[in-house]
Amino acid sequence: MKVLSKWVGAAALGAMSTMAQAADDLTLQLKWVTQAQFAGYYVALDKGFYSDEDLNVTIKPGGPDIAPTQVLAGGGADVSVDWMPAALAAREKGLPMVNIAQPFKSSGMMLTCRKDAGISSTDDFAGKTLGVWFFGNEFPFLSWMSKLGLATDGSDGGVTVLKQGFNVDPLLQKQAACVSTMTYNEYWQVIDAGLSPDDLMVFKYEDQGVATLEDGLYVLEDKLAEEGMEDKLVRFVRASMKGWKYAEANPDEAAEIVLDNDASGAQTEEHQKRMMGEIAKLTAGSNGALVEADYERTVQSLLSGGSDPVITKAPEGAWTHAITDKALN
């Protein structure tokens, strides 16, 4: 009996030890499908950076019918990747999203136009049809048009907004003079479809002074306040930024890791390697901490929406350095 008791006791202690060492679960909701835009997270998973931090991270791809704000609101993820305009708009409507880290320093948003549609400068937008992504992606565009003094309701002297699918067909089929593109994705779809850079006029939101922060990490206020969550998020951000810096330094390997995680099989090696090269330009210069000046620029851009601004007042409590201060120092 004593031997049996010792064996049971030892087994119980072993089970308790295993439970104590069990990794903490955390779910990340991406803004879009599996691609190099999110390479840092897949690299962190593949290289064991998350497991090194005692984390069991599940990465959920997004898609055209998936809004990260709605996933957070429904409890489907602990953290989401989203653009700040969508997050701040959601916050003003009552969903208290908080930016805890900002891996992307620069914006990849562009408007790509056909020169044969009569576009050579922003002065030529009036009277034209412009393709715009929605699901929160329209907010920077609307702020830009307000800055230019162009109505977006199709009235005389303004522009007609075409609700663009997540492709460049309206430009290729000449249904729109311009379409929304990203430096790392849709622009190259236009090139691959047969148009040359000489056929196009490109307007980068960064160059137009209306760039807003993209691909930040967000949590809900109540989730952030949960016991133990801050420590978990500190470990998550630390591992994620390690993943991002590895991806910057090893873009081809990072692209291959993304491809290995693409369950759809829709991505190609050429496209992902090219994308990763462009993504590295956007994450360069960021250690993961939100730069307050970039935040203020985003807020001012969103407030400048004329009679229909994206947000109506400067947010309070929309970001915190509490996580990155501990994760990065």
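Anyway, here's the lowdown on the structure attached to this text.

Calculation notes
Residues numbered from 1 in each chain as written. Predicted model: local features only at pLDDT ≥ 70, side-chain atom pairs only at ≥ 80, totals over all residues. Heavy atoms only, no water. Core = buried A, V, L, I, M, F, W, Y, C linked by side-chain atoms within 4.5 Å. Buried < 20%, exposed > 50% of the residue type's maximum accessible area, 1.4 Å probe, protein only. Helix = DSSP H or I, 4+ residues; strand = E, 2+ residues; numbered from the N terminus. Contact = heavy atoms within 4.5 Å. Expected span 1.5 Å × (residues − 1).

1. Examining the nonpolar core
- Of all hydrophobic cores here, the largest spans 65 residues; its most connected members are Y41, F125, L217, F236, V237, W244 and M276.
- It is helix α10 (residues 229-249) that contributes the most residues to this core, 9 residues altogether.
- Not counting chain neighbours up to four residues away, the residues in contact with W244 comprise A36, Q37, F38, A39, G40, Y41, P103, F104, M276, I279 and T283.
- With 22 residues, the next largest nonpolar core counts V71, Y218, L302 and A318 among its residues.

2. Some words on helix α12 (residues 269-283)
- Taking 1.5 Å of rise per residue, the 15 residues of α12 would be expected to cover 21 Å, and the 21 Å separating its terminal C-alpha atoms lies within 8% of that figure.
- Among the residues of α12, those classed as buried are H271, Q272, M275, M276, E278, I279, A280, L282 and T283.
- Of the surrounding secondary structure, the elements contacted by the buried residues of α12 are α2 (39-46), α8 (186-192), α10 and α11 (251-260).
- Immediately beyond the C-terminal end of α12, within one or two residues, lies G285, with a positive phi of roughly 90°.

3. Brief notes about unusual backbone geometry
- The phi angle at D54 is positive, at roughly 60°, despite the residue not being glycine.
- Relative to the helices and strands, D54 is located in the loop between α3 (49-52) and β2 (55-60).
- The phi angle at K174 is positive, at roughly 60°, despite the residue not being glycine.
- Secondary-structure assignment places K174 in the loop between α7 (169-172) and β8 (178-182).
- Take K174: its relative accessible area is 57%, and that puts it in the exposed class.

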